[in-house]
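# Report on the structure
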Amino acid sequence: MLSCPKLTDEESMTIKGFVFNFEIITLDFSIAEIDGLLRSKYKIKLPDAIITATTIYYNSHLFNFQSHRF
C-alpha cells in the first residue's frame with residue numbers, strides 16, 4: 001500500500017498507524033501441521049492454508065473480503 005505513487009503524506013501516516021498495531025506471528029510446527037492437514041483435505045493453496053491454520057491455532061476469527069477463497 002505504501003508503494004502507491006499517488007499516496008498523500010496523510011494517507012501514508014494513516015496506513016503506518018494501522019500497520020503499527022499488527023502482531024507478527026511466527027509460523028511454527030503446530031501451525032504448519034494444521035496447514036498440511038487443510039491442504040490435503042481441502043486442496044487449497046499454501047497462502048490460504050497458512051492464514052486458515054493460524055486462525056484455527058489461535059482460536060481466532062478470520063475476516064476476509066475475498067469470499068470466493070474461503
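What this report covers is the structure whose coordinates are included nearby.

What counts as what
Residues numbered from 1 in each chain as written. Predicted model: local features only at pLDDT ≥ 70, side-chain atom pairs only at ≥ 80, totals over all residues. Heavy atoms only, no water. Patch = residues over 30% accessible without salt bridge, like charges linked within 9 Å, V, L, I, M, F, W, Y side chains within 5 Å. Areas by Shrake-Rupley, 256 points an atom, 1.4 Å probe, with all protein chains shown as cover. Salt bridge = Lys/Arg side-chain N within 4 Å of Asp/Glu carboxyl O. Helix = DSSP H or I, 4+ residues; strand = E, 2+ residues; numbered from the N terminus. Buried < 20%, exposed > 50% of the residue type's maximum accessible area, 1.4 Å probe, protein only. Contact = heavy atoms within 4.5 Å. Axes fitted to C-alpha atoms, helices over the stretch in contact; angles between N-to-C directions. Parallel < 35°, antiparallel > 145°, perpendicular 65-115°, else oblique. Left-handed = near helix turned anticlockwise from the far one by under 90°. Nonpolar A, V, L, I, M, F, W, Y, C, P; charged D, E, K, R; others polar.

Residues M1, F18, V19 and F22 make up a contiguous nonpolar surface patch of about 460 Å² in total accessible area. Looking at the secondary structure, you find F18 in helix 1 (residues 9-20). Judged by its relative accessible area of 53%, F18 is exposed.

Turning our attention to the environment of Y42. On the secondary structure map, Y42 appears in helix 2 (residues 29-42). Sequence separation between Y42 and F29 is 13 residues; the distance between their C-alpha atoms is 20 Å.

Moving on: unusual backbone geometry. For K43, which is not a glycine, the phi torsion comes out positive at approximately 55 degrees. As for its placement among the helices and strands, K43 is situated in the loop between helix 2 and helix 3 (46-57). Residue K43 is classed as exposed on the basis of its relative accessible area of 68%.

The next thing to look at is the environment of L38. Among the secondary structure elements, L38 is positioned in helix 2. Residue L38 is classed as buried on the basis of its relative accessible area, which comes to 11%. The spatial distance from the C-alpha of L38 to the C-alpha of I24 is 22 Å, given a sequence separation of 14 residues. Every residue in contact with L38, bar those within four places of it in the chain, is listed here: K43, I44, A49, T52, A53 and I56.

Across the interface, helix 2 lies against helix 3 with an axial gap of 8 Å and an inter-helix angle of 125 degrees. Our classification of the angle between helix 2 and helix 3 gives oblique. The element helix 2 and its partner helix 3 pack so that their crossing is right-handed. Touching S30, I31, I34, D35, L38 and R39 of helix 2 are L46, A49, I50, T52, A53, T54, I56 and Y57, all from helix 3. Of the residues in the contact of helix 2 with helix 3, the class split is 9 nonpolar, 3 polar and 2 charged.

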